[in-house]
Structure formats: C-alpha cells, structure tokens
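What the coordinates show
The residues making up each chain are set out below.
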Amino acid sequence: MTGLSRRSFLLSSAAAFALPALPAVPAAAVPAIAKPATMMWICGTPGEMDWRAFNAPTAEQAWLQYCDRLGLEVDEFPMGEDCVDRVAAWDGMQPDQIGPADWLAADYGTICERCDCEIYSGSDGRVVSSGEAVCQACMTIAERVEMEPASLVDDLMNDIANEGEAEIREKLVAAREWGDLPADLWARAVAGASDT
Ligand SMILES: [Zn+2]
C-alpha cells in the first residue's frame, strides 16, 4: 500500500476498527507510548542547502509534503533513503518554529544569520547567546570572550605578530570592540605574540 492510499484509508470511518489489523510499522516511525505533539523530519537534496522541516507520521508522508511544497511529481522524484532524515530533537515543535540555530544545534548546516554564508555545526558555526546562528567571522569580540576565549587569544596573538600591537588595538577601538576585551586576554595575546 502506498503512503498516499494508506493515508486516505486511515481517514476513512472504518479506520478505527481496522487499525489493529494493519501490519506493524517500524518502531522508529510511531512511538509506543506518549505520542509527541509533532513528529519532525527534514527532506532535501543530499549535499545541498535546500532542506526543510516537516511534521509527519512517517518518512513517506514527510516526503509527500516536501514534493507538494516544491511542486515536484512524486513519481519522478521517488523518496531516496538519504533525502529524508528523522529529527527527534525537534518533536513537539512546528516546522515554522525551526530556525537556523535549531538546524545547527541538531548538527546540520545552515545559513549565518549575519552574512548569509553557509555554516556547519562543530566547524565554523556557533549559536550565540542571543540565539542567532552565526559564523565565527561574524561573532563579536564580546561573544568570543564568552564562548571561545582561548581561540580568541590565539587569533589576536597571530594578528599582533603579523600587524603589530598598536595596529590591532586601533582596529578594535575603531570597531568599538576594545571595551569588550578583558585586559588579561589582551595581555596574554601580546605576550604570546612576542614569543613567536
Ligand atoms: Zn557570518
């Protein structure tokens, strides 16, 4: 039975009585006890940034929604195994509530909310305290002090070694970020640069 015809079957008035006789569906598709308010999936093209979130009871139903949304003929675009993924961490949320930070937190790539570049969890993507998903280049000094002070000191150290202490300080002052940089971090970067 295809996903579509099964759906219409379930919607028929006989479904409530006939349901127990249906063949068992995989455990991953239907939780045994507490059913979440939504069951979340993502569909898209492997390797592309065109993935979208859907609430559906099965992978097939999520794929049907995806094809419908994009105006694709399901016959021409049969569901491939790597075109649909289950995201249990999002269960209970609605698709339109899923933002870039949620994609990043679930270990998927997304778009930097400040510069529109592609970012990936664990490499150059960060969810900052305001809840935004941003690339490392877009993080402010204050955000880097809070989230990755060691890497900030390393970068400052390299910048100072290459361009000079006064020049880098001037840039930070001009960017109005000098005040966000704790004196001890700056001192560590300056000391490190003079050792290189
Ligand atoms: Zn960015």
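Numbering of residues begins from 1 in every chain and follows the order in which that chain's sequence is written. Reporting of local features is limited, given that this is a predicted model, to residues whose pLDDT is at least 70; pairs of side-chain atoms are given and counted only at 80 or more, and all residues count toward the totals for whole chains, interfaces and linings.

Labels follow the DSSP assignment, with helices taken as runs of H or I lasting at least four residues and strands as runs of E lasting at least two, numbered in each case from the N terminus. Along its length, the protein chain carries eight helices and seven strands. Exposure is read from a count of other C-beta atoms within 10 Å of each residue's own; the residue is exposed at 12 or fewer, buried at 20 or more and partly exposed in between. C-beta atoms are placed from the backbone. Considering the protein chain as a whole, with its 196 residues, one finds that 21% of them fall into the buried category. Of the contacts formed within the protein chain by residues at least 6 apart in sequence, a portion of 44% connects residues at least 24 apart. Contact between two residues is assigned whenever their backbone-derived C-beta positions fall within 7 Å.

Moving on, we come to unusual backbone geometry. Residues other than glycine seldom take positive phi values, yet D107 does so here, at roughly 75°. For D107, the location among the structural elements is in the loop between helix 4 (100–105) and strand 4 (110–111). The backbone phi angle of R176 is positive, close to 60°, even though this residue is not glycine. Checked against the element boundaries, R176 lands in the loop between helix 7 (165–174) and helix 8 (183–195).

As used throughout, a nonpolar core is a set of buried Ala, Val, Leu, Ile, Met, Phe, Trp, Tyr and Cys residues joined through C-beta atoms within 7 Å of each other. Of all hydrophobic cores here, the largest spans 16 residues; its most connected members are W41, C43, A53, F54, A62, W63 and V84. Of all the secondary-structure elements, those providing two or more residues to this core are strand 1 (40–43), strand 2 (52–55) and helix 3 (59–70). A total of five residues in this core trace back to one element, the largest contributor, which is helix 3. If we skip the residues at most four places from it in the chain, F54 touches W41, C43, A62, Q65, Y66 and P95. Membership of the second largest hydrophobic core comes to nine residues, among which are W103, C112, A133 and C135.

Quick look at the pairing of strand 1 now. Burial along strand 1 is two-sided: the face carrying M40 and I42 and the face carrying W41 and C43 are both buried. Two strands qualify as a pair provided DSSP detects at least 2 bridges between them. Pairing of strand 1 with strand 2, which is carried by four bridges, proceeds in the antiparallel orientation. Bridged to I42 within strand 2 is A53. In terms of strand pairing, strand 1 meets strand 3 (residues 84–86) through three bridges, oriented antiparallel.

Taken together, three strands build an open sheet; the order of strands is 2-1-3 and the sheet is antiparallel. Sheet topology places strand 2 and strand 3 at the edges, where each strand pairs with a single neighbour. Between one strand axis and the next, the sheet turns through 30° on average, direction left out of account. Note on method: axes are straight lines fitted to C-alpha atoms, helices fitted across the in-contact stretch only, with angles between N-to-C directions ranging 0 to 180 degrees.

Time to look at the packing of helix 6 (residues 149–163) against helix 7. Relative orientation of the contacting elements helix 6 and helix 7 amounts to 125°, with a least axis distance of 7 Å. It follows from the interaxial angle that helix 6 and helix 7 lie oblique. Only E165, E167 and I168 of helix 7 make contact with helix 6, whose side of the interface consists of L156, D159, I160 and E163. Residues are grouped as follows: Ala, Val, Leu, Ile, Met, Phe, Trp, Tyr, Cys and Pro are nonpolar; Asp, Glu, Lys and Arg are charged; all remaining types, including Gly, are polar. Residue composition of the contact of helix 6 with helix 7, grouped by class: three nonpolar, no polar and four charged. Angular relationships are summarised with four words: roughly parallel below 35 degrees, roughly antiparallel beyond 145, roughly perpendicular across 65 to 115, and oblique for the angles in between.

With respect to the element layout, R126 can be found in strand 6 (residues 125–127). Overall, R126 belongs to the buried group, with 22 C-beta atoms counted inside 10 Å. Each C-alpha atom of the pair R126 and A101 lies 8.2 Å from the other, and the pair is 25 residues apart in sequence. Contacts of R126, omitting those with residues within four sequence positions, involve V134, Q136, M139 and M147.

Time to look at the confidence of the model for the protein chain. Taken residue by residue, the protein chain gives an average pLDDT of 84. The fraction at 70 or more is 82%. Across the protein chain, helix 7 holds the top mean pLDDT of 97, while helix 2 (residues 15–18) sits lowest at 40. For every residue, the predictor assigns a confidence score, pLDDT, that lies between 0 and 100. In the model, residues 1–22 has pLDDT below 50 throughout and makes nine contacts with residues more than four positions away in sequence or in other chains.

What follows is about the environment of R144. Following the sequence through the fold, R144 ends up in helix 5 (residues 141–147). Counting along the chain gives 16 residues from R144 to V128, while the straight-line C-alpha distance between them is 9.0 Å. Filtering out sequence-adjacent residues up to four positions away, R144 remains in contact with M139 and L152.

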